[in-house]
Each structure stands twice: as C-alpha cells, then as structure tokens.
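Geometric and topological summary
Spelled out from the first residue to the last, the chains are:
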Amino acid sequence: MARLDIKQDLKALNNAIAAENREKFASHNIYVINVMGSPGAGKTTFLENILPELSKHIQVVMIEGDLATRNDALRIEKTGVTALQINTNGGCHLDAKMIENQIQKLNLNSIDLIIIENVGNLVCPASFDLGEDMRMVIVSVAEGEDKPIKYPIAFLEANMVVITKTDLLPYLDVDINVMKKYIADINPEAAVFETTKKDGVYKADEVVEYILEQVRKKKGK
Ligand SMILES: Nc1nc2c(ncn2[C@@H]2O[C@H](COP(=O)(O)OP(=O)(O)OP(=O)(O)O)[C@@H](O)[C@H]2O)c(=O)[nH]1
Ligand SMILES: [Mg+2]
C-alpha cells in the first residue's frame, strides 16, 4: 500500500512539472514531440533523416534521452541541429523534471519545435508526461507484427505511429497489414506512417509534411 502511495505521489509530481513545461512551451508557441520506441527501432535514424528537411522551414532543437553515451546527440548534431543529451544512468525513461532542466539552457524565443527522443523502451516512457503536444511511437517491422498488442500502453496514447524498416519486409515473416490493424484496434485516432531506407535513400516525406502541419496549427500560421 505504502509503495502504491509513493508511486502515485511521484506520478502526481511529474504531472505537475509536465503541466509547467506545457505552459512554458505554449507561452513561447513551441510544438513538442515525445518520440518513444524499443531500443534500435530506428528513432535516431528517422530523426537524422527528417531534421534537414524540417530545418528548411522551422527552427528545431532536439533533446536526446539515453541510459549512457552521447552517441545519439552526436549523430543529430551532424545534421546541424542542436542536440542536448540527457543520460539517465540506468533509468528506463525521461521525466518532466529532466526536460525542465534542459529547457533552461535554451533560448525558447527562437524555437518552433522541440523533439525529444526518449530512452529506448516500449513500456516505461509511456507513463511519464513530459509536457509534449504529440506522442510519437516508432516501431520497426523487424520487431514483429504483434508488438502493438503485446505492448499496448505506448500505442494507446500515441498521436502518431511511424512504422520503420519496411525495406526489410521481403526478408521477414511479418505482415505489415496485421501490424497496422493491431495499431488501429488499440488506437483508431493515431496517424500511421511508414518509412523505408532503400539504396541508401531514406523515405519519410509524408511524415515531414504532417509534422510541419501540426507545428503550423499550434503557431496559428
Ligand atoms: N534496413 C534498415 N535499417 C534501419 C532503418 N532505420 C534504422 N535502421 C538501422 O537500425 C539500427 C538502429 O537504428 P537507430 O536509429 O540507432 O535506433 P534507435 O531507435 O535510435 O535506437 P536507441 O536510441 O538505441 O533506442 C541502425 O543500425 C540503423 O542503421 C531502416 O529504415 N531500414
Ligand atoms: Mg536512438
């Protein structure tokens, strides 16, 4: 019982800080995306590939969450986008306080979009609001078509799902339509997209358009 109380208190504290973050983002007209997915789902690869296109239109900053290393932030910085790295030292998710600490380092007046890559994990991050506008789940076909129904929480609250690595479908015993049906069963509201990497070219044009549309809606442009 006491353990349950502590868990609820921590959640309430996180929600209170997330609400402050959300207010701060709103007062600066910043759209925020919280990206979640299993280790190796292709989150950073997706971001590395969409950031140059997004940056042609809007000012973007990344916050990278990982247990250890600055590897992902270094990859992102090669695209020319500023990337702040949070190391959770064993923690399986980011929390609102960690984001609050990072945004103090930024000049919020000059940012349109903040993308947060959460720690690679399909379970823990889903329970922690960071103050985001959009929750994006990235799932690769290589993980198997049943992952949405086996790990439903992240999908339940997702506004957008990106299915990656579709170029691998010919080599896998996976039916992408079954995966899509599972996602729709859990969350019919989520916008679902596919990305692929073929002959070194990463294709995610529709996703870029969709994200820009959401940012513009928030900014009233
Ligand atoms: N074939 C193929 N490989 C991909 C694709 N996207 C990512 N990968 C590979 O998948 C591996 C993992 O990709 P990352 O982008 O590092 O995955 P991640 O989700 O950021 O991983 P963590 O941050 O560690 O959770 C890398 O070797 C990528 O090159 C894709 O569309 N097709
Ligand atoms: Mg990554």
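Before reading further, recall that the structure is shown in the block above.
The text that follows walks through the structure, step by step, so that each part is easy to find. (Residues numbered from 1 in each chain as written. Chains lettered and ligands numbered in written order. Predicted model: local features only at pLDDT ≥ 70, side-chain atom pairs only at ≥ 80, totals over all residues. Heavy atoms only, no water.)

Moving on, we come to the side chain of Asp72. In this fold, Asp72 is placed in helix H3 (residues 71-77). By relative accessible area, Asp72 is classed as buried at 11%. Among the polar contacts listed, one links the side chain of Asp72 to the side chain of Thr44, at a separation of 2.8 Å. With near-sequence residues (within four places) excluded, Asp72 lies in contact with Thr44, Glu64, Asp66, Gln85 and Glu117. (Helix = DSSP H or I, 4+ residues; strand = E, 2+ residues; numbered from the N terminus. Buried < 20%, exposed > 50% of the residue type's maximum accessible area, 1.4 Å probe, protein only. Polar contact = N/O pair within 3.5 Å; in protein donor to acceptor, adjacent residues only side chain to side chain. Contact = heavy atoms within 4.5 Å.)

As a further point, take a negative patch on the surface. A contiguous patch of negative charge, built from Asp205, Glu206, Glu209 and Glu213, is present on the exposed surface. Summarising the element assignment, Glu213 is placed in helix H8 (residues 205-219). The exposure class of Glu213 is partly exposed, given its relative accessible area of 43%. (Patch = residues over 30% accessible without salt bridge, like charges linked within 9 Å, V, L, I, M, F, W, Y side chains within 5 Å. Areas by Shrake-Rupley, 256 points an atom, 1.4 Å probe, with all protein chains shown as cover. Salt bridge = Lys/Arg side-chain N within 4 Å of Asp/Glu carboxyl O. Lys, Arg positive; Asp, Glu negative; His and termini not counted. Charge placed at Lys NZ, Arg CZ, Asp CG, Glu CD.)

Enumeration according to the criterion identifies 13 salt bridges in this entry. Two residues, Asp72 and Arg75, come together in a salt bridge whose shortest N-O distance is 3.6 Å. Placement of the pair is Asp72 and Arg75 together in helix H3, with a separation of three residues, close to one helical turn. Taking the shortest distance from any N to any O, the salt bridge between Lys218 and Asp133 comes out at 3.0 Å. Highlighted residues: Lys218 in helix H8 and Asp133 in the loop between strand E4 (113-117) and strand E5 (134-140), separated in sequence by 85 residues. Residue classification places Asp133 among the partly exposed residues on the basis of a relative accessible area of 29%. Linked through salt bridges whose partners overlap, the residues forming this network are Glu48, Asp72 and Arg75.

On to the packing of aromatic side chains. Within this structure, the stated rule accounts for one aromatic pair. Look at Phe193 and Tyr210: their rings are 5.2 Å apart centre to centre, the planes differ by 55°, and that puts the pair in the tilted class. Taken together, the positions of Phe193 in strand E7 (residues 191-194) and Tyr210 in helix H8 put the pair 17 residues apart, joining distant regions of the chain. (Phe/Tyr/Trp six-rings, centres within 6.5 Å; stacked < 30°, edge-to-face > 60°.)

Examined against the element boundaries, Phe25 turns out to sit in helix H1 (residues 2-27). What makes Phe25 buried here is its relative accessible area of 1%. Counting along the chain gives 88 residues from Phe25 to Leu113, while the straight-line C-alpha distance between them is 9.4 Å. With near-sequence residues (within four places) excluded, Phe25 lies in contact with Ile30, Val32, Ile99, Ile103, Ile114, Leu130, Gly131 and Lys218.

Next up on the list: the site of ligand 1. If you check the shell around ligand 1, you find 17 residues, and the closest are Lys43, Thr44, Thr45, Arg75 and Asp167. Gly42 places a polar main-chain atom, nitrogen or oxygen, 3.0 Å from an oxygen atom of ligand 1. A distance of 2.8 Å is found between an oxygen atom of ligand 1 and a side-chain nitrogen or oxygen belonging to Lys43. In isolation ligand 1 exposes 660 Å². Once the protein is present, 73% of that is buried. Those elements giving two or more residues to the shell around ligand 1 turn out to be helix H2 (43-55) and H3. With three residues, H2 is the largest single contributor of residues to the shell around ligand 1. Considering only residue class, the shell around ligand 1 consists of four nonpolar, six polar and seven charged. (Near = heavy atom within 4 Å. Nonpolar A, V, L, I, M, F, W, Y, C, P; charged D, E, K, R; others polar.)

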